[in-house]
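# Chains, contacts and geometry: an overview
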Amino acid sequence: MDKMISYLLLLGNILLLVTGQVLFKIGLGRSGGLHWDKLITSPAIIGGLMLYGIATLLWFAVLTRLPLSIAYPMQAFAYVLSMIPAYFLFGEDITATKIAGVAVILCGVYLLAR
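Residues numbered from 1 in each chain as written. Predicted model: local features only at pLDDT ≥ 70, side-chain atom pairs only at ≥ 80, totals over all residues. Heavy atoms only, no water.

### Quick look at the packing of aromatic side chains
The geometry of two aromatic rings is summed up by the distance between their centres and the angle between their planes. Stated formally: Each Phe, Tyr or Trp ring, with Trp reduced to its six-membered ring, pairs with another whose centre is within 6.5 Å; inter-plane angles below 30 degrees give stacked pairs, above 60 give edge-to-face pairs, and intermediate values give tilted ones. Counting as a charge over the ring demands two things of the Lys NZ or Arg CZ atom: a distance within 6 Å of the ring centre and an angle within 35 degrees of the ring normal.
Scanning the entire structure with this criterion turns up three aromatic pairs. Between Lys25 and the ring centre of Phe90, over which it is positioned, the NZ or CZ distance is 5.9 Å.

### Some points on the packing of helix H1 (residues 2–31) against helix H3 (residues 43–65)
Note the threshold: The convention used is that axes are lines fitted to C-alpha atoms, helices contributing only their stretch in contact, and that angles between N-to-C directions extend from 0 to 180 degrees. Helix and strand definitions here come from DSSP, where helices need a minimum of 4 consecutive H or I residues and strands a minimum of 2 consecutive E residues; each element is numbered from the N-terminal end. For classification, angles of less than 35 degrees are called roughly parallel, those exceeding 145 degrees roughly antiparallel, those between 65 and 115 degrees roughly perpendicular, and all remaining angles oblique. Here a crossing is called left-handed whenever its near helix is offset anticlockwise from the far helix by less than a right angle, and right-handed whenever the offset is clockwise.
The contact between H1 and H3 brings their axes to 8 Å, and the two run at 160 degrees. In this view, H1 runs roughly antiparallel relative to H3, as classed from their interaxial angle. Crossing handedness for the pair H1 and H3: left-handed.

### Considerations on helix H5 (residues 77–90)
Inclusion rule: Here a helix's expected span is defined as the number of its residues, less one, multiplied by 1.5 Å. Any residue under 20% of the maximum accessible area for its type is buried, any over 50% is exposed, and the rest in between are partly exposed; the area is computed with a 1.4 Å probe on protein chains only. We call two residues in contact whenever any of their non-hydrogen atoms come within 4.5 Å of each other.
Between the first and last C-alpha of H5 there are 20 Å, a value that for 14 residues agrees with the 20 Å anticipated at 1.5 Å per step. Of the positions making up H5, those classed as buried are Ala78, Val80, Leu81, Met83, Pro85 and Ala86. For H5, the secondary structure elements touched by its buried residues are H1 and helix H6 (96–113).

### Observations concerning the pattern of salt bridges
Heads up, the rule is: Between Lys or Arg on one side and Asp or Glu on the other, a salt bridge is scored when a side-chain nitrogen of the former is within 4 Å of a carboxyl oxygen of the latter.
All chains considered together, the criterion is met by one salt bridge. Note that Arg65 is salt-bridged to Asp2, the shortest N-O span being 2.8 Å. In this pair, Arg65 sits in helix H3 while Asp2 sits in helix H1, placing the two residues 63 residues apart along the sequence.

### Quick look at the packing of H1 against H5
Filter applied, for reference: Polarity classes work like this: nonpolar for Ala, Val, Leu, Ile, Met, Phe, Trp, Tyr, Cys and Pro, charged for Asp, Glu, Lys and Arg, and polar for all others, with Gly in that last group.
In contact at an axis separation of 10 Å, H1 and H5 are set at 35 degrees when each is read in the N-to-C sense. Classified by chirality, the crossing of H5 by H1 is right-handed. Side by side, H1 and H5 meet where Leu11, Ile14, Leu15, Val18, Val22, Lys25 and Ile26 of the first sit next to Phe77, Ala78, Leu81, Ser82, Pro85, Leu89 and Phe90 of the second. The class makeup of the residues in the contact of H1 with H5 is twelve nonpolar, one polar and one charged.

### Some words on the UniProt feature "transmembrane region" (unreviewed entry) in the protein chain
In plain terms, the rule: UniProt positions are given in the numbering used here, feature names are shortened, and annotations may be inferred rather than shown by experiment.
According to UniProt, the positions carrying the feature "transmembrane region" (unreviewed entry) are residues 40–63, 70–90 and 96–113. Secondary structure content for residues 96–113 is 100% helix and 0% strand, while the C-alpha to C-alpha distance between its ends is 26 Å.

### Comments concerning the side chain of Ser31
Within the secondary structure layout, Ser31 lies in helix H1. Excluding its chain neighbours within four sequence positions, the residues that come into contact with Ser31 are Lys38 and Leu39.

As C-alpha cells, this is what we get:
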C-alpha cells in the first residue's frame, strides 16, 4: 500500500507538471509570444507557476519515498501524457515516429516500475 501511495504521488506530480506546461503554452499564445510584461500578469502563466509549486512539494514527498534512480526517470511519463493535450488543444500531429518514441518510453517506465 505504501508503494502504491508513492507511485500515486509521483503520478500527481507528473499530471501537475503536464498541466502547468499546457497553461504555459496557452499563456504564451494569448500574450503573442515571449512578452514579459504580458506574461507576468497572465492568469494562465500564473496558474502554471502555481501548479509547478505544488508539483515541487509533491516531488519532495516522492523523493522521501522512492529512490531517485527510479522516480526521476519515471517522470518521462510526462512526455507521453503531454501528447494528449498537444493533439486535442493545440492541433499538433501525432506521427508514427512519436508513437514509436512513446512506446519506448512506456517500455522503459514499465521496466523501472518492476
